[in-house]
Amino acid sequence: MIATRKLGELTVGAQGLGCMGMSQAYGVRDNDDESIATIHRALDLGVTMLDTSDVYGPETNERLVGRAVADRRDRVVLATKFGIVWGEGGAVGARGDAAYVRQCCDESLARLGVDHIDLYYQHRVDPNVPIEETWGALSDLVTAGKVRYLGISEAAPATIRRAHAVHPVSALQSEWSLWTREIEAEVVPTCRELGIGIVPFSPLGRGFLTGSVTSTADLPADDMRRRLPRFADGNFDRNLAIVAELRRIADEKGVTAGQLALAWVQSRGADVVPIPGTKRRTYLEQNVAAADLDLSPEDLARIEAAAPAEAVAGARYPEEMARAAGK
């Protein structure tokens, strides 16, 4: 069983489970039974926080997670999100008006089949609605008992402060890994000043840092990573060289490159709870093992020298995806 950590006042397992890939993004939705078995195994290993969103699928992922936890609700910290507006081609923008907040919460509760959400995130900030309106509505949901704790995703420090002034922010969810470190300069210090926990998504670089992807040909035709600059020709080989260096260090320690990269994220602080995603029990067990991997200062120095932030080739998202998601 893994240890626990705190996101604000919310206690969770030191590692969560990202459920998005069970329904979209990384190839076809091929085996719901295995996905549910993976969720059940995660709970057995002490992974208590399950992360989903109304746009994963869209909507189908919440239903899947709801099915998986129906007979074990008291063991789960359910985290879901609202705020990204989905169209036929994917994300088309963000919405944060009070009426939409209330609507999305009720719809997520119905899909999940529960009477409350443990951690409810604003998935993306709506630039056209004051954050105070959005968070006023979220605070009302807490008062009504529909939500226990509140989080925000991919937000700037000033926005986090304004939201926190309306109602305590328990968690900030943003991408953080060896090849995505932008939040370290200002966002992480802001969260720590305010007592906000940090939930890194894609802590394995969308699977790249595991070393399992050696060519774009390894990816299914409908895999979203085919559209990402870091997986594009030219950038791919440069980034693969980083993984080769990580693998050398991992081999010396008797672990995988992915476990080493994940342990690095876990080492960032006791307020950090990464949510690596998988739909397979085998990979889940590898990820969970990384939560107990101790890295010495010398190990950390070698890892960061092997994967310096400036060596990563390519942006996180193509321009059109960044615009649609409010980035």
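This text goes with the structure placed above it.
Quick look at the structure, then. None of these values were measured; they are calculated from a predicted model.

## Side note on empty space enclosed by the protein
Going through the model one piece at a time under the given rule, you end up with 1 cavity of 30 Å³ or more. Computed from the structure, the largest cavity encloses a volume of approximately 50 Å³. Around the largest cavity sit E175, W179, R206, L228, R230, F231, A315 and R316, which together line it. Counted by class, the lining of the largest cavity contains 4 nonpolar, no polar and 4 charged residues.

## As for the environment of G66
Counting through the fold element by element, G66 comes out in helix α2 (residues 60-69). According to the relative accessible area criterion, G66 is buried, its value standing at 7%. Sequence-wise, G66 and A311 are 245 residues apart; in three dimensions their C-alpha atoms are separated by 41 Å.

## Concerning the pattern of salt bridges
Per the stated rule, a full pass over the model turns up 26 salt bridges. Of the charged contacts in the structure, one is a salt bridge between E184 and R181, with a shortest N-O distance of 2.9 Å. Overall, R181 belongs to the buried group, its relative accessible area being 17%. What emerges from the salt-bridge pattern is a single network uniting E59, E62, R63 and R111.

## Observations regarding the pairing of strand β10 (residues 171-175)
Each regular strand carries side chains that alternate between the two faces of the sheet. For β10, the buried fraction is high: 5 of the 5 residues fall into the buried class. Burial of β10 is two-sided: the residues A171, Q173 and E175 facing one way and the residues L172 and S174 facing the other way are all buried. Across 3 bridges, strand β9 (residues 147-153) lies against β10 in parallel orientation. Along β10, the bridge assignment pairs I152 with L172. Taken together, β9, helix α5 (residues 157-166) and β10 constitute a β-α-β crossover, and its handedness is right-handed. For the segment spanning β10, helix α6 (residues 187-194) and strand β11 (residues 197-201), crossover handedness is right-handed.

## Some remarks on the environment of R225
Summarising the element assignment, R225 is placed in the loop between β11 and α7 (235-253). It is 9.6 Å that separates the C-alpha atoms of R225 and G207, two residues lying 18 residues apart in sequence. Here the side chain of R225 touches D223 through a polar contact of 2.7 Å, side chain to side chain.

## Description of the nonpolar core
M49 and Y120 are the most contacted members of the largest nonpolar core, which has 96 residues in total. If you tally residues by element for this core, the top one is helix α3 (residues 98-112), at 7 residues. Apart from residues no more than four positions distant in its own chain, M49 is found in contact with L7, V12, G16, L17, V77, A79, L119, V199, V273 and I275.

## Some details on α3
Between its terminal C-alpha atoms α3 stretches 21 Å, which fits the 21 Å expected from 15 residues at 1.5 Å a residue. Turning to α3, its buried residues number three or more, namely A98, Y100, V101, C104, C105, S108, L109, R111 and L112. Viewed along the axis of α3, the buried residues span an arc of 165 degrees, placing them on a single side of the element. In this fold, the buried residues of α3 make contact with α2, β5 (77-82), β6 (84-87), β8 (117-122), α4 (131-143) and β9. Residue G113 follows α3 closely and has a positive phi angle near 70 degrees.

## What about the packing of aromatic side chains?
For the coordinates displayed, the defined rule picks out 6 aromatic pairs. Between W179 and F208, the ring centres sit 5.0 Å apart and the planes meet at 25 degrees, which makes this aromatic pair stacked. Separated by 29 residues along the polypeptide, W179 in the loop between β10 and α6 and F208 in the loop between β11 and α7 bring together distant segments of the chain. Residue classification places W179 among the buried positions, given a relative accessible area of 7%. The class of F208 is buried, set by a relative accessible area of 0%. Every member of this aromatic cluster is reached through a ring pair, and the members are W179, F208, F231 and F236. A cation sits over an aromatic face here: R230 above W179, 5.1 Å from the ring centre.

What counts and how
- Each residue is numbered by its place in its chain's sequence as written, counting from 1.
- Whole-chain, interface and lining totals are the exception, using all residues; otherwise, since this is a predicted model, local features are given only for residues with pLDDT of at least 70 and side-chain atom pairs are given and counted only at 80 or more.
- The basis for every side-chain value is the complete set of heavy atoms in the structure, and neither hydrogens nor water enter the calculation.
- Only protein atoms enter the 1 Å grid used here, on which a cavity is any set of points holding a 1.4 Å probe that cannot leave and a pocket is any open set flanked by protein within 12 Å on both sides along at least five of seven lines; residues with an atom within 4 Å of a point are listed as lining.
- Grid points are joined across faces, edges and corners, and a volume is the space filled by probe spheres set on the points.
- Side-chain classes follow a simple rule in which Ala, Val, Leu, Ile, Met, Phe, Trp, Tyr, Cys and Pro form the nonpolar group, Asp, Glu, Lys and Arg form the charged group, and the remainder, Gly included, forms the polar group.
- For helices the rule is a DSSP run of H or I covering at least 4 residues; for strands it is a run of E covering at least 2, with both sets numbered from the N terminus onward.
- Classification of residues uses two cut-offs on accessible area relative to the type maximum, computed with a 1.4 Å probe and protein chains only: under 20% is buried, over 50% is exposed, and between them is partly exposed.
- Any carboxyl oxygen of Asp or Glu that lies within 4 Å of a side-chain nitrogen of Lys or Arg is treated as forming a salt bridge with it.
- Strand pairing is assigned whenever DSSP detects at least two bridges linking the two strands.
- Seen with the strands pointing away from the viewer, any crossover whose path from the first strand over the helix to the second strand runs clockwise is right-handed.
- Each polar contact in these results corresponds to two N or O atoms within 3.5 Å; when the atoms are within protein, one needs to be able to donate a hydrogen and the other to accept it, and residues that are neighboring in sequence are counted only if both atoms are side-chain atoms.
- Nonpolar core, defined: a set of buried Ala, Val, Leu, Ile, Met, Phe, Trp, Tyr and Cys residues in which side-chain atoms within 4.5 Å join the residues together.
- Residue contacts follow a heavy-atom distance rule, with two residues in contact if any of their heavy atoms lie within 4.5 Å.
- Expected span of a helix, by definition, is 1.5 Å for each gap between consecutive residues, and there is one gap fewer than residues.
- To obtain the arc, one takes the directions from the helix axis to the C-beta atoms.
- A pair of Phe, Tyr and Trp rings is counted when the ring centres sit within 6.5 Å of each other, with Trp represented by its six-membered ring. The angle between the planes then sorts it: under 30 degrees is stacked, over 60 is edge-to-face, the rest tilted.
- Two conditions define a charge located above a ring, namely a distance within 6 Å from the ring centre to NZ of Lys or CZ of Arg, and an angle within 35 degrees of the ring normal.

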